[in-house]
Amino acid sequence: MTTTQPFPYSENPQPGNGKPVPPPPPSFMSWIKGKSQPSGQTPRPTPESEPEDISTPPKEEAVKSQTLRSRLLLVLLPTTLLPLVTISAVNYWISQNQLQEEQEFILEKTAFNAEELSASFVEELRTDAKSLAVNPLLQQALQSADQEVAQKNLTQIPIERLEEYYGGSKLLQPSTAVNVYLQNIAETENLAEIFVTNRDGFNVAYSNRTSDFVQNDEAWWQGAKADGFYVEPPEYDDSADAYVLPLSTAIQDANTADFAGVIKSGASLEGLNTALLDFLDGTMKDLKQVQIVDPFTSQIIASVSSDADGQVTATPVSEVVSQAVTGGDAVAAVAVDLKEAVLDPTQTPDQLVQTLEQAHNLKKTRIERLGTEQNGFIMAQFALDGRTYAIATIRDTDWVAISSIETADIRSVNYFILFEFLIIGALMSAIAVAIVLYLSRQISNPINQLSAAANQMASGDLNVTAEATGTVETRQLAGTFNNLVQQVKALLKRQQDETERVQLLAAIAQSKDDDDMQVPLNKHLDEIRLKLSADRVVVYRFKPDMSGYITGEAVVQGFPTALGDTISDPCIPPALIDAYKAGRVVPTDDVMRAGFHPDHQQLMVRLQIKSNLVVPIVIAGKLFGLLVAHHCAQPHAWQTEEINLLQAEAEQLGVSISSLAAIEAQTLAAEEQQQRRQDLEMQLLGMMERIEGAVEGDLTARAQLMEGEIGIVADLFNAVIENLQEIAVQVRDSSGQVNQSLNKNEIAIRRLAEKAISEAKEIQKALGSVQSMSQAIETIAQNADEASTIANSAYAAVQEGNQAMDQTVNSILGLRTTIGDTTKKMKRLGESAQKISQVVALIDELALKTNLLSINASVEAARAGELGEGFTAVAEQVGTLAEQSASATKEIAKIVASIQSETQELVEAMETGTTQVVDSTHQVENTKLQLTEVLHRSQEIDQLMRAISESTIAQAESAQSVTTVMQAVTQASKQRSLASREVAQAMQATAQVSQKLQASVEQFKVD
Amino acid sequence: MSATPLTTTASTARLQQLLPQLFQSDTQPGDRYLKLDISPDLSALIALADVQESVQLPTHMVTPIPNLPACILGVVNSRNQVLCVVDLAQVLQIPARTVHRQHYSIVVVHLDSTTGATEDANLLALTLHGIQGIIRLQPEEIESPMSEFAAELTPFLRGCVVRDGQSIPVLDVNAIATAPILNSL
């Protein structure tokens, strides 16, 4: 094995044999529930055996079984069972996954191992052939064969001729040495045959005689020549009597490394098969089959399978060849595709998975590329038709290794595990349930007993006691319960006593008189006596006159009774009574030594009193009586508690007796009222008779004065009648006066009315004039408005004029600048003229000098005599020219001078123009200022006009309001005249009324 | 000198027009006389034969000599000869306006030796108001002097000539040289 690449499958993983506790599967839950169902009923016989439960009714038992016990079970069972079930399910799921993965892993590993083995097998054969090829003996034979071929030019001869020619030995150059060598090798290497051809395909040497001489037309020969290596499908070799795997390897020339021939060797398939078996014996475990297959021809190369017991056997070679590919053509097609994919390394495994799944309907496909890039192979795993396959393509060959297993076999393992988990889970659950049941019973029993006792108590049996058993808490609970029962008992007793007492007090309160009260009072007193352990208790009641009698008594039998005794005890002074009212308590430990009054002491002796305690009964601030306790057997020292007790009893008794006292007082009051009413009626009748005359108008009648309320009323009556008398006299007098004054006033009022009417008329006139004034004011307002508009338009016109003025100022300023420019230019012109005159002066001088020169020339010419005649003429002409030019310059000078003087004049004129322009500018500015002034003025006029208009409007409004006021005044004066008329009429009516009043006053009798 | 090219061409054209006349030797008959301005109002003629030269001299070239009559302005050096400079107007007793000048217009005349003047002094420089030019006169044109000239002028006159309606005196140089004013020394 030359290739040792790191590969995860080469390690032998130890699948987890130490399995965790198999948890119950999910279906186990239902089983548990089914079991726990009866467990709810099982507790029933247990409580039945206990004595407490017998007494309780069956209905309550049902309630109880639903509460504590079942609650305990309901809480505890799920809390123990649920984690158990969950852990079991998770465990099952994990180990199932692990197992499945393990199975798949083994499957792949097997395929991988088969691939490794096959590849190494083929590799070994190739190595053998290569080592053979470099053998010098063989090389020599090949060289000589080539020489032979070249000599005889065999390549040109047809194959049939060659076959015929070399038909004898079927060798080019029969060499026994080489043949024997090959035979030896075949024997040692366990090869069926081995033979060698040269580069032209002619046999050179062989171990066994071959059927053909010329091999270059064979497929294997051409394949080996092209690829250097060629593997044929296995075939049966008669000579070796075995199935062989023919392998052809190209030979390279030892010197030139050219193609020198082909070695063909037939390796025994048996060897591959055996090697496969040895190799896979360790890894193949369960029912599986491993095949080495040529997918292109569907030919099986080798096959190993393991049976149900895990016994691995190699299929005999003779059967292998005729065996079919596991999974049939479909798997073969997949293998073909994988083989092709090996050649195309660009295709990623994921793409490959996709294409394969689509093309062959595969499932759970997994593909991995392994090995180097040049010499790689593919591991593929997939499920098809209920089997799981792992395919590894074998390097250097067309073969693939296929390992497969029934998918159902994988599952069957799972079912076994499931079963294991079910049993263990069931056992554990049963144990848990049993423990929970026992514990719940232990806890609930004492509580059950306690609750039974409680039930009994609730039903009214207070003599029950709870047994203190069980835990500390339940013991405490039982003790507390017993205490509770005792307290309830005491409480009930007290309540009963109190009820009786209250009933007695109620009876006392309801009684209407002493006799009625006697029986309940005596009973109550008896109780008080018992409480105090006294020998006698009495109620001593005071009459209104402060004498008293015994109204109630409770006495121990054997002692004399005091009931009904009227004890006149004159020795109770009012001061003592007041002290009793204030709550005085008199405890006397020994009456004989207390120094009582002798009569009182006698009474004590008669009643055999040794010690007494006196407490007042006060009702609504009045002393009702005394509550007295006696000790008759022997003297008794009164304790504070006893005193307090008796005081409290006295208070309560007072409250109960208060109603009786109230009833007695009511009866008395009702009798008194009756008497007084009769007296009042009598007095009232007498008074009525006396004042009857007043009704008829006789104001002189008077009631008789007497004592009491009626007397006061009579006095009041008399005062009223006297007042009435005075009033009647006054009315009579004043009505006469009124009549007189009315007659006087009537005339004056009439005049007043007339005056009011005339006033109204005048006011109406004034109203007319005010209205006309208002109209005039309105006209003024309109006029003012018009004036304002005119002023406005004037203002606009002035504004326009102002703008025009502005423009004028601007143009004048432009004119000024223009004139300035012109003046400057003029000045420059003057300067130029100055320059001209300078030049002219120069020319003049030149002319003068020329003249002089011409004169001198003619003088000199004259000196020359005859010769100078011509020159003289020239000089003369020069002189003439000089003269002319002098005169011309003079003229020029004149002209220039005139130009200069004119220019000067012009400049002056310009300057005057400029000043004029400046003046006019100033004037325009002044005009503009004046215009602005006009503008302001017109604005002011406008404002004034507006103010006038506004004030006139205000005036108009006020005139309007004056008009309305005047109208109101007119209205008022009209009303006044009407009113004065009405007053006159009213005066007349008043006069009539006063006359009537006088007449009616006359009716009263005053004197 | 400061003439523009335009005027140059114009003047050249004009010269070309004039040139033939200029070099025409039309010798006019008559004697030549130099026309002078003694004062702005009075012109006079001197025979050109008497004239040595005409020159303009700056006033500072004339060296004044003290103790001489007012008409003798001073001496001047001309062509290595010292000349006496005489104001003609003063000699002729013509009222001349004293004009301040920067230049003197001078005509140098030579005198006849017969006058008794020294060899050196036969040249005299006359200052004038102005020199006008040469004119030609026929001898017949010279008339005897009229009374129209001042009496003071008469001793120096040779005659007078009427030109353009104006009579111009012809002065005698020698007479001037012998003027009593000059010889009163």
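Quick notes on the rules
- Residues numbered from 1 in each chain as written.
- Chains lettered and ligands numbered in written order.
- Predicted model: local features only at pLDDT ≥ 70, side-chain atom pairs only at ≥ 80, totals over all residues.
- Heavy atoms only, no water.
- Helix = DSSP H or I, 4+ residues; strand = E, 2+ residues; numbered from the N terminus.
- Buried < 20%, exposed > 50% of the residue type's maximum accessible area, 1.4 Å probe, protein only.
- Contact = heavy atoms within 4.5 Å.
- Areas by Shrake-Rupley, 256 points an atom, 1.4 Å probe, with all protein chains shown as cover.
- pLDDT = per-residue confidence, 0-100.
- Buried area = accessible area lost by both parts, 1.4 Å probe.
- Salt bridge = Lys/Arg side-chain N within 4 Å of Asp/Glu carboxyl O.
- Polar contact = N/O pair within 3.5 Å; in protein donor to acceptor, adjacent residues only side chain to side chain.
- Pairing = 2+ DSSP bridges.
- Axes fitted to C-alpha atoms, helices over the stretch in contact; angles between N-to-C directions.
- Parallel < 35°, antiparallel > 145°, perpendicular 65-115°, else oblique.
- Left-handed = near helix turned anticlockwise from the far one by under 90°.
- Nonpolar A, V, L, I, M, F, W, Y, C, P; charged D, E, K, R; others polar.
- Phe/Tyr/Trp six-rings, centres within 6.5 Å; stacked < 30°, edge-to-face > 60°.
- Lys NZ or Arg CZ within 6 Å of the ring centre and 35° of its normal.
- Core = buried A, V, L, I, M, F, W, Y, C linked by side-chain atoms within 4.5 Å.
- Arc of directions from axis to C-beta.

Asks: Just to check I follow, could you spell out the overall build of chain A for this structure?
Replies: From N to C terminus, chain A includes 20 helices and 19 strands. Scored against the burial criterion, the 1007 residues of chain A give a buried share of 38%. For chain A, contacts bridging at least 24 residues in sequence account for 64% of all contacts bridging at least 6. Of the roughly 57,300 Å² that chain A leaves accessible, carbon and sulfur atoms contribute 56%.

Asks: Just checking my understanding: could you explain the overall build of chain B for this structure?
Replies: A count of helical and extended segments in chain B gives four helices and ten strands. N-terminal to C-terminal, the α/β element order of chain B is α-β-β-β-β-β-α-β-β-β-β-β-α-α. Residue burial in chain B is summarised as follows: out of 185 residues, 40% are buried. Intrachain contacts of chain B at a sequence separation of at least 6 include 57% that bridge at least 24 residues. Counting only carbon and sulfur atoms, one obtains 54% of the accessible surface of chain B, whose full area is about 10,600 Å².

Asks: Can you walk me through the confidence of the model for chain A in this structure?
Replies: A low pLDDT means the predicted coordinates there should not be read in detail. Counting all residues, the mean pLDDT for chain A is 78, and 90% of those residues have values of 70 or more. Confidence over residues 1-65 of chain A falls short of pLDDT 50; this stretch has 78 contacts with residues more than four positions distant or in other chains.

Asks: Whenever I open this one, the interface of chain A and chain B confuses me. Can you help?
Replies: Note: interface size is frequently given as the accessible area lost on complex formation between the parts. Each partner contributes to the interface: chain A provides 20 residues, whereas chain B provides 23 residues. Regarding the contact of chain A and chain B, the summed buried area is about 1,900 Å², with carbon and sulfur atoms giving 52% of it. Residues E860 of chain A and R79 of chain B are paired through a salt bridge, measuring 3.9 Å at the closest nitrogen-oxygen approach. Connecting chain A to chain B are six residue pairs in polar contact (both at pLDDT 80 or more). Counting residues per element, the ones that place at least two in the side of chain A that touches chain B are α19 (709-864) and α20 (869-1001) of chain A.

Asks: Honestly, the sheet that holds strand β4 (residues 72-78) of chain B in this entry has me stumped. Any pointers?
Replies: Within a beta sheet, neighbouring strands are joined by backbone hydrogen bonds and run either parallel or antiparallel to one another. Residues and elements named next belong to chain B. Overall, mixed pairing links the five strands, which are arranged β3-β6-β7-β5-β4 in an open sheet. On the outer flanks of this sheet lie β3 (51-58) and β4, each paired with one strand and no other. Taken pair by pair, the neighbouring strands of this sheet meet at an average axis angle of 30°, ignoring direction. Bridge count between β3 and strand β6 (residues 103-110): seven bridges; the pairing is antiparallel. By the bridge assignment for β6, E53 is matched with V108.

Asks: What's the story with the confidence of the model for chain B in this structure? I'm lost.
Replies: Per-residue confidence for chain B gives a mean pLDDT of 78, with 80% of residues at or over 70. Across chain B, the secondary-structure element scoring lowest on mean pLDDT is helix α1 (residues 5-22) of chain B, at 65, and the one scoring highest is strand β2 (residues 43-47) of chain B, at 89.

Asks: In this structure, what is going on with the packing of helix α15 (residues 514-532) of chain A against helix α18 (residues 640-690) of chain A? I would like to understand it.
Replies: Relative placement of two packed helices is described by the angle separating their axes and the distance separating the axes. All names here are of chain A. Relative to each other, α15 and α18 sit at 165°, their axes nearing to 12 Å. As summarised for this structure, α15 and α18 are arranged roughly antiparallel, according to the angle between their axes. Both α15 and α18 take part in a crossing whose hand is right-handed. Counted together, D514, M517, L521, H524, L525, I528, K531 and L532 of α15 and E642, L645, L646, E649, L653, I657 and L660 of α18 form the full contact between these two elements. Residues that form the contact of α15 with α18 fall into these classes: ten nonpolar, one polar and four charged.

Asks: Please explain the pattern of salt bridges as it appears in this structure.
Replies: Pairs can form between side chains of opposite charge once their charged atoms are near each other. Counted by the stated rule, this structure contains 22 salt bridges over all chains. For the salt bridge of E759 of chain A with R976 of chain A, the shortest nitrogen-to-oxygen distance reads 3.1 Å. Of this pair, E759 of chain A sits in helix α19 while R976 of chain A sits in helix α20, and the two are 217 residues apart along the sequence. Its relative accessible area of 31% is what places E759 of chain A among the partly exposed residues. Judged by relative accessible area, R976 of chain A falls into the partly exposed class, the value being 41%. Bridged by salt links that share partners, the residues E860 and R863 of chain A together with E53 and R79 of chain B form one connected network.

Asks: Help me understand unusual backbone geometry in this model?
Replies: What you tend to see is this: most non-glycine residues have negative phi, and most peptide bonds are trans. Of note in the backbone geometry, S533 of chain A takes a positive phi value of approximately 60° without being a glycine. The residue S533 of chain A is located in the loop between α15 and β14 (536-542) in this model. In the Ramachandran plot, N80 of chain B falls in the positive-phi region, its phi being about 60° despite a non-glycine side chain. Among the secondary structure elements, N80 of chain B is positioned in the loop between β4 and β5 (81-87).

Asks: What am I meant to see in the packing of aromatic side chains here?
Replies: Any two aromatic rings considered together are summarised by their centre-to-centre distance and by the angle between their planes. All names here are of chain A. Summed over all chains, the structure comprises six aromatic pairs over all chains. Each ring, one from Y92 and one from F421, has its centre 5.7 Å from the other, and the planes form 85°; the classification is edge-to-face. Of the two residues, Y92 sits in helix α4 (residues 58-133) while F421 sits in helix α13 (residues 407-458), which places them 329 residues apart along the sequence. Look at Y540 and F542: their rings are 5.4 Å apart centre to centre, the planes differ by 85°, and that puts the pair in the edge-to-face class. Each of the two residues, Y540 as well as F542, counts as buried. Sitting above the plane of the Y580 ring, R584 keeps its charged end 5.7 Å from the centroid.

Asks: Would you mind showing me how to read the nonpolar core here?
Replies: Within soluble globular proteins, side chains that are nonpolar tend to cluster in buried spots. Of all hydrophobic cores here, the largest spans 51 residues; its most connected members are I292 and W399 of chain A. No other element matches the eight residues that α4 of chain A contributes to this core. With residues up to four places along the chain from it excluded, the contact list for W399 of chain A reads V122, V231, L245, L272, I292, V293, D294, P295, I301, K339, T393 and I394 of chain A. Core analysis: the next-biggest nonpolar cluster, separate from the first, contains 39 residues, I46, V51, L157 and A175 of chain B among them.

Asks: Teacher, can you tell me more about helix α17 (residues 598-606) of chain A here?
Replies: Residues and elements named next belong to chain A. Taken together, the buried positions of α17 are occupied by H600, L603 and M604. The buried side chains of α17 occupy one side of the element, clustering within an arc of 100° when seen end-on. Opposite the packed face of α17, turned more than 90 degrees from it, sit the exposed residues P598, Q602 and V605. Positioned one or two residues after α17, Q608 has a phi angle of 55°, which is positive.

Asks: Please clarify how the pairing of strand β6 (residues 259-268) of chain A should be interpreted in this entry.
Replies: Looking along a regular strand, one sees the side chains alternate between the two faces of the sheet. All names here are of chain A. Among the ten residues in β6, nine count as buried, and that is most of the element. Pairing of strand β1 (residues 191-198) with β6 involves seven bridges; the strand directions are antiparallel. Looking at β6, one finds that E193 is bridged to G266. Pairing analysis gives nine bridges linking strand β5 (residues 242-252) to β6, with the strands arranged antiparallel. Note on β6: the bridge partner recorded for P246 is G266. Hairpin remark: β5 followed by β6, antiparallel, with six residues in the connecting loop; positive phi at A257, about 60°.

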